[in-house]
Structure formats: C-alpha cells, structure tokens
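# Residue-level structure breakdown
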Amino acid sequence: MYGVCGCCGALRPRYKRLVDNIFPEDPEDGLVKANMEKLTFYALSAPEKLDRIGAYLSERLSRDVARHRYGYVCIAMEALDQLLMACHCQSINLFVESFLKMVRKLLESDKPSLQILGTNSFVKFANIEEDTPSYHRSYDFFVSRFSEMCHSSYEDPDIRTKIRMAGIKGLQGVVRKTVNDELQANIWDPQHMDKIVPSLLFNLQSGERTESRSPSPLQATEKEKESPVELTERCFRELLGRAAYGNIKNAVTPVLMHLDNHSLWEGKTFAVRCFKIIMYSIQSQHSHLVIQQLLGHLDANSKNSATVRAGIVEVLLEAAAIAASGSVGPTVLEVFNTLLRQLRLSVDYELTGCYDGSTNIGTKIIKAHEERQLQEAVIRTIGSFANTLPTYQRSEVMLFIMGKIPVPGVHPALSSKDSGPEGTRMIQVMLLKSLVQVTAGFDTTNMLTALPTSFLEPLLSFSLTEDPEIRLLVLQILLSLIDRHDNAPKFLNVSIISDISVLKLKVDKCSRQDNLFMKKHGQQLYRHIYLGCKEESSGQQHYEALFALLGLLSMELANEEVVVDLIRLALALQDLALSTDEALPVFNRCAIHAVAAAYLNLICQLTTVPAFCQHIHEVIELRQKETPYLLPEDVFIENPKLPSSLEKVEGEVLFLQSKITEVLGGSGYNTDRLATPYVPQYTDEDRLSKRKSIGETISLQGEVESRNSPEKEERTPAEEITFETLKNAIVDSVGMEEQERERRRQVVEKFQKAPFEEIAAHCGARATLLQSKLNQIFEITIRPPPSPSGTISSGYGQTQSRSVPIYEMKFPDLCVY
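Our subject in this report is the structure included herewith. As the structure is a prediction and not an experimental result, all values here were calculated from the model.

Taking 1.5 Å of rise per residue, 22 residues should cover 32 Å, and helix α9 (residues 157-178) covers 32 Å from first to last C-alpha, within 8% of that figure. Its side-chain oxygen 3.1 Å from the backbone nitrogen of Asp-158, Asp-156 forms the N-cap of α9.

Turning next to the pattern of salt bridges. Overall, the coordinates contain 22 salt bridges when judged by the stated rule. Between Asp-467 and Arg-425 there is a salt bridge whose closest N-O contact spans 2.7 Å. Placement of the pair is Asp-467 in the loop between α22 (453-462) and α23 (468-482) and Arg-425 in helix α20 (residues 420-439), with a sequence separation of 42 residues. When its relative accessible area of 25% is taken as the criterion, Arg-425 is described as partly exposed. A salt bridge links Glu-742 to Arg-745; the nearest nitrogen and oxygen atoms lie 2.6 Å apart. On the criterion of helical spacing, the pair formed by Glu-742 and Arg-745 is a turn pair, its members being three residues apart in helix α34 (residues 723-753). What makes Glu-742 partly exposed here is its relative accessible area of 34%. For Arg-745, a relative accessible area of 45% corresponds to the partly exposed category.

What follows covers the packing of aromatic side chains. What the rule picks out here adds up to 12 aromatic pairs. The interplanar angle of 55 degrees and the centroid separation of 5.4 Å between the aromatic rings of Phe-122 and Phe-146 together place this pair among those described as tilted. With Phe-122 in helix α7 (residues 112-126) and Phe-146 in helix α8 (residues 140-150), this pair connects stretches of sequence that are 24 residues apart. Grouping residues by exposure puts Phe-122 and Phe-146 together as buried. An angle of 50 degrees between the planes, with centres 6.2 Å apart, marks the rings of Tyr-139 and Phe-142 as tilted. Comparing Tyr-139 with Phe-142 shows no difference in burial state: the two are buried. What links up through ring pairs into an aromatic cluster is the set Phe-122, Phe-125, Tyr-139, Phe-141, Phe-142 and Phe-146. Stacked on the ring of Phe-125, the Lys or Arg Lys-177 has its end atom at 4.4 Å from the ring centre.

What follows covers a nonpolar patch on the surface. On the surface, Leu-770, Leu-774, Ile-777 and Phe-778 cluster together into a nonpolar patch covering about 360 Å² of accessible area. As for its placement among the helices and strands, Phe-778 is situated in helix α35 (residues 756-781). Taking the relative accessible area as the measure of exposure, Phe-778 reaches 43% and is therefore partly exposed.

To continue, consider unusual backbone geometry. The phi dihedral of Lys-504 falls on the positive side, at around 50 degrees, and the residue is not glycine. Despite not being glycine, Thr-608 has its phi angle at roughly 55 degrees, a positive value. By the secondary structure assignment, Thr-608 is in the loop between α27 (586-607) and α28 (610-626).

Mapped onto the secondary structure, Leu-117 falls in helix α7. With 10 residues separating them in the primary sequence, Leu-117 and Leu-107 have C-alpha atoms 8.5 Å apart. Once residues lying within four places of it in the same chain are set aside, the contact partners of Leu-117 are Val-73, Cys-74, Met-77 and Leu-106.

This part covers the nonpolar core. The biggest cluster of nonpolar side chains holds 225 residues, and the ones touching the most others in it are Leu-57, Phe-236, Trp-265, Phe-275, Leu-451, Ile-567 and Phe-612. Both domains that meet at this core, namely domain 1 (1-132) and domain 2 (444-686), each give it at least three residues. Excluding residues that lie within four positions of it along the chain, Phe-275 makes contacts with Val-252, Val-255, Leu-256, Leu-259, Trp-265, Val-290, Leu-294 and Val-315.

Another aspect to go through is the environment of Val-123. As for its position among the elements, Val-123 is in helix α7. The spacing of Val-123 and Gly-170 is 47 residues in sequence and 6.2 Å in space, taken between C-alpha atoms. Among all residues touching Val-123, those that are not within four sequence positions of it are Lys-169 and Gly-170.

Analysis parameters
Residues numbered from 1 in each chain as written. Predicted model: local features only at pLDDT ≥ 70, side-chain atom pairs only at ≥ 80, totals over all residues. Heavy atoms only, no water. Helix = DSSP H or I, 4+ residues; strand = E, 2+ residues; numbered from the N terminus. Expected span 1.5 Å × (residues − 1). Polar contact = N/O pair within 3.5 Å; in protein donor to acceptor, adjacent residues only side chain to side chain. Salt bridge = Lys/Arg side-chain N within 4 Å of Asp/Glu carboxyl O. Buried < 20%, exposed > 50% of the residue type's maximum accessible area, 1.4 Å probe, protein only. Phe/Tyr/Trp six-rings, centres within 6.5 Å; stacked < 30°, edge-to-face > 60°. Lys NZ or Arg CZ within 6 Å of the ring centre and 35° of its normal. Patch = residues over 30% accessible without salt bridge, like charges linked within 9 Å, V, L, I, M, F, W, Y side chains within 5 Å. Areas by Shrake-Rupley, 256 points an atom, 1.4 Å probe, with all protein chains shown as cover. Contact = heavy atoms within 4.5 Å. Core = buried A, V, L, I, M, F, W, Y, C linked by side-chain atoms within 4.5 Å. Domains from an automatic or database assignment.

Laid out in structure tokens, this is it:
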C-alpha cells in the first residue's frame, strides 16, 4: 500500500513535493524561485522536517551525479545553500549532515566544476554561526581533500589555478568552522597542521613576489584577489592570527619541516618571507615562542651545511628584529648564547674541514668559504638584534659576550680542543667583531653603570695582545662606547687642521658621572693608549684609531684635570718616539710623532689659550719646512715619505713640556702636574718581552688614580743591578718554574693513579697535623678570663683560675650604666 501511495504524486509527503517542484523540466532554466520560497517557508514553519528535506535533496543529488545531470546538481546545491542561510534553528544539525554528505560527494568527483561547486557551498556553510554545537561532526575528509586540491596538477593552467584556489578557500573555511568550536576535533593537531600548512606554503611559493607585505595587508584589488598567492597569504595570516599560546608550536613546526624538505633555507628569500608573515600575524606576546623554535631548529641543524645554517640565521635575524618590538620574554640571552655556540662550531668546522672532526682536504676550501659567510651572518644577526634592545639590556649582552671570549688558562668559555690556538684566536676575533656590532650606536647618559669595571677591564686587557687585529677591534669598541655625539667619523683621518670649527664638533658639558668615570678608569685608558702606540705591529689603522680615541676623550669626557693628563700623555708619546731604548721601526716613530702633533693641534684649539696655540703652530710650521715626515700628511698615506733613521730629531721641531707648562700655568692650569712627565705604571704583563696570548695579559687592573699617578709615589732607593744579578735572577726563575711544574705533575699523577686508601690516609694525616697545630696555637693564645673572685690553689701547689658565671660577678657601680 505504501509503494502504491509513493507512486502517486498527490499522495507523496509534502516536503518531497515541495522539493520536486523547485527543479524545472529544463535545467538550463535554473532554480524555480517561487517554489523555492515555498520550500523555505515550509522549512521555517516545520523545522522538524528539515532533516528529511536534506536527506531527500541528498538522494536526488547523488542520483543526478551518477547520471551526469550536472544542471540539476547545481540546482540542488543552490537550494541547499539557500536553506542553510535561512534556517538557524536547533534542528539544523541533522540537515548539515546531509549537506556535508552532498559536498563530500561533489569533492570526490573527478570533474573540476563539481569540486569547485562543492567548495563554494562549503565556504558559505563555514561562514554560518550555528546556535548549537555538534558533537559528532568530522572534518578530516575535508582537510585532506582540500589540501589535495591545493596541490592540483591539472593540465589546463586556468583550471588548475581555480582548483588550487578552491582548495585554499576550503582550508580557510575548515579553519573558520573549527577553530572556535571546542567540541570539534582540534584543528591544531599535528595530523591536520601537517596537511594545511604545507599546502599553503606550496601555493605561497609559486608566486613571483619576493617581499611580504606589512603587518596588516592593504586592501587588495580585484586582480590581486584572483591570485592564488594573495589568497594563500590572507588564509595563512588568518590561520596564524587565530593561534593561541599552546598552538603556536604546531603551526610553526610544519613550516620548518617544509623549508627543510624542499631545501628552501639556502635561497633565504622565501624563508624570510614566511617568517615575516608569521611574526606579523601572530599575537605579539607569543613572538618569543617562534624565536625559541628557530633557535632549537638551528641547534638541530648544527651538522648541516653552512648554507642551511646561514639561512636559518638570516631568518632568525628578521624574526628577532620584529619580536624585539613586542614581547621578547626570557629569550634575549638565549638568542645570543645559541648564536655564539654556532660561531664556535663554525670555527671548528672551518679549521677541521668537516663536521665529525676527521680531516677531509678535498672539501675544506669550499666549506671554509661557506663557513666564513655563516660567521658574517651570525655576527650581523647579533648586532642587528642588539640594536633593537634598550640600553640596560644591551649592557647585559655586552657583559655576556665578554664572558664568552676564551682566554687560554683563565676561562676557555668557547674554546675548543680540536681547533687549537688558531681556533681560540679566531673565536676571540669573532666575538670581538660581535661586540663591535653590539656597541655600534651605543648611547648612554651614565657610563659608570652602562660600562662597569667587569666589562672595561677585560676589554682593555685584550688591547695588550700581540695580535694587531684584536687590538684594532678593541679600539673600535672603545670608540663606539665613548662616542655619544657622533664625533668619531670626524677624527678618523689624522691631519693638521688650522681651524677645527670646520669639523662642527658637538660638545656637551662634562657631567658628574663622566667625571667619576674618568677618575675611575682614566689612568687605565691613558696607559693602554701609550702601550698601543708602543706596539711594533701597529699599523696606520691602529694609529688613526688611537688618535680618534684621544680626540673623543677630549670631546666627551674631558674636564680640566683630564685635559692636563691628555697633554702630558701626548708629550710622553713624543718622548717614546725619541727614545733609543725602544726598538721601534722608523714608521712607528714617525706615526707616533704625527699622532702627538695632530692631537696637540686639536687640544690647543679646544683650550683656546693663545700662547699655547702659538707654540704648537710654530712647531708644526717648522716641521712642515724641515721635517715633514713628523706630520700625519706625510706619514698616513699609501707610500709614506720616511727617512732611513730619526737620529737628528731635536730642538725646535719638538714640543717643549716646559714651554707648554709655562703658557698653560698662566691660564690657571695645574703647573705642578703639567711639569711632571707622564710615566705609565708598568705591571707584570708589560714586563714580558713578548705577549704570546691573551692569557698572559690578564692582570688585576683595579688601580685607582692615586696609585697610577707617578708624582704621588714615594721614591724608593734604587737597587744596584749588575749583569750577574740579572743572569742569576733569570736562571733561578727558570729553575724554579721547572721544579714547580714537576711538583704539580707528580701531585696530579699521584691523585690519578694512587689507591683510594692511600689518598684517604694521606689526607687524614694532613688533617691530624693541622688540628694538632691549631690546638697548640689555641693553648698559647687562649687564657682564662680574669675572675673577680681571685684564684685558688690546686692540690699540687699551682694556682688555678676559678671561673665564675658572669651573672654572679660583682661589678663596681661605675661600670654599670
């Protein structure tokens, strides 16, 4: 009976009749709008019938797809879309199941038009905010299918582009539908992210653009909206913008894997673009999570090729610069620690030629070249990231890097046994280059707090090494630290300027903190300038940097006392160049004369004492006529015009300390101090004839000004020194050193090879001996306290003190208050 009723149209259920009526006889005519309105009204009036309407529409669509009646398929999907948009009620869940079943049917089709049709319907559905959550809906198929469409390789390029764009839109719809629904399967799970993110990156990579847009994309034109690259970027930004704290890692990990699998680190451009999008799209407080992942990935690729590591470092540079404007969190020192570790590894790889420590001569040259590029990228990254930090954090970074510089025998922080002394030297150079980058543009109002003793003292110690490259780097760091008004470039060319006003120097009044800084560190700075000029390996760049340092001290940190010390230092340099005790080459002597002349010409115009300026200018004019090789214009050129010797430099071509003292004394300067020649206080490190390593130059440099000022030192009787005493001292010291070295070797060998019982007995005997000595000392020094009750006699006729508790003692009234 049911089957007979089903055959009669008048006896069929009303919802079926309403559904049938929306389909015209000719599918070209499209949806019958009047009948569609009746169906919509019926669905709204009887929402319990909505699931049956959906099931029937699904049944008809499946039949039409199988029969290739694609016109009716389009009409059915249009009807479904309109019902979805119109019906927001609690019964929509069952209707959605039928709808998703039909969309799945279309996506499984081989016909591109049906795939695109199904995708468009799904996107419309994704934009609907449902009133009630769904407990059982799954989107796994849609994630997989849309990801597959994103990689479409259809022959026709236009259709291929449309299919890929449909896949991107579909993934965007899945994200929108699931990201805020706690009852759905988590879209941030790796199983989904490993499909979504690579699909987006694949389409992003296919674009021709090389630069990512600004944090918030501008309004795209209609032409741009048709581009898969633009659509992909918007989808990628939306996905990242919705990522919460716990989901950042799952979203970024597939990006790293995609760049690894497709060797995209080497090109750098695409990787940098990807991470710019990531850093600008995620919430700023999550930036440090991305930095941490990049650092971890860099460590994981420590044995990969230098080009890959350099690419990761470049990406880290861009990401860290963006993150620094937001919340960097605890990753500041972690960034530098990882980068410094990569520097050490790179130096080891460059020297050994391979990653596992064994030598491989065939590839060493290529790898060394790539490793140098990596080292430059790391140093550039350190500097760029440091420049985004506030002053107090930059000071911490400077101290951190200084603590990492290896010093043989003292603290080999980053040194490696495999690379040897050359590796240690290279790491020292790399880290000092990093400090040059970090200190570039450094600006602080209080140099005492920004440049503590713990940083300046080791830095100045590095300026005493034999290596000229290290000394030059130290001078560059000092120039960056002291120069707060951009005066350094004006001093880089050593020359005699008749009127320094053309330099347009910027001078501020010396603050109280600056005065304290010079009181604390001034003598050390003078001493290292003097010793730097004295080095035989110093070249033109060194003397130019030393002159710039003298000029900056005069401009930035000079009070009257500092000016006097600097003039004394310049005159001491002149005496150094004249000294026959120092075996300095002719170039060094002429360079020292030229630096002293250029500096005195500068300082005399800064002090504005006419008589001082007249004396300096007279000497300079005489030198220009008779001894031009004592002026910078003839020394600091490509082919300096130097004499064979400097034996006849005397008389009026020299600056006279007595004359300068006289003219400055008349202007109120301290004549006693000016009349005292500057003599740097030598330490053990300076008495070494050769300083083979930085480790030999480290010494305690906490001298205060009073100790460093020679005029305040007491004269001690000179000890008579003969050739024999010197010879004996040298022989004795060598013998003592050999004995001490042998004794230490025996002690170490004993503790390494002796049985535990013997070592324990030895230590126990020493402890017993120490205790017995302490007991003897206590018996000698400790006496019982005097007692007001007097003494008592012992049985053997000896007097013995009787101890009385203090609360029982009787004190005179005058002792109590």
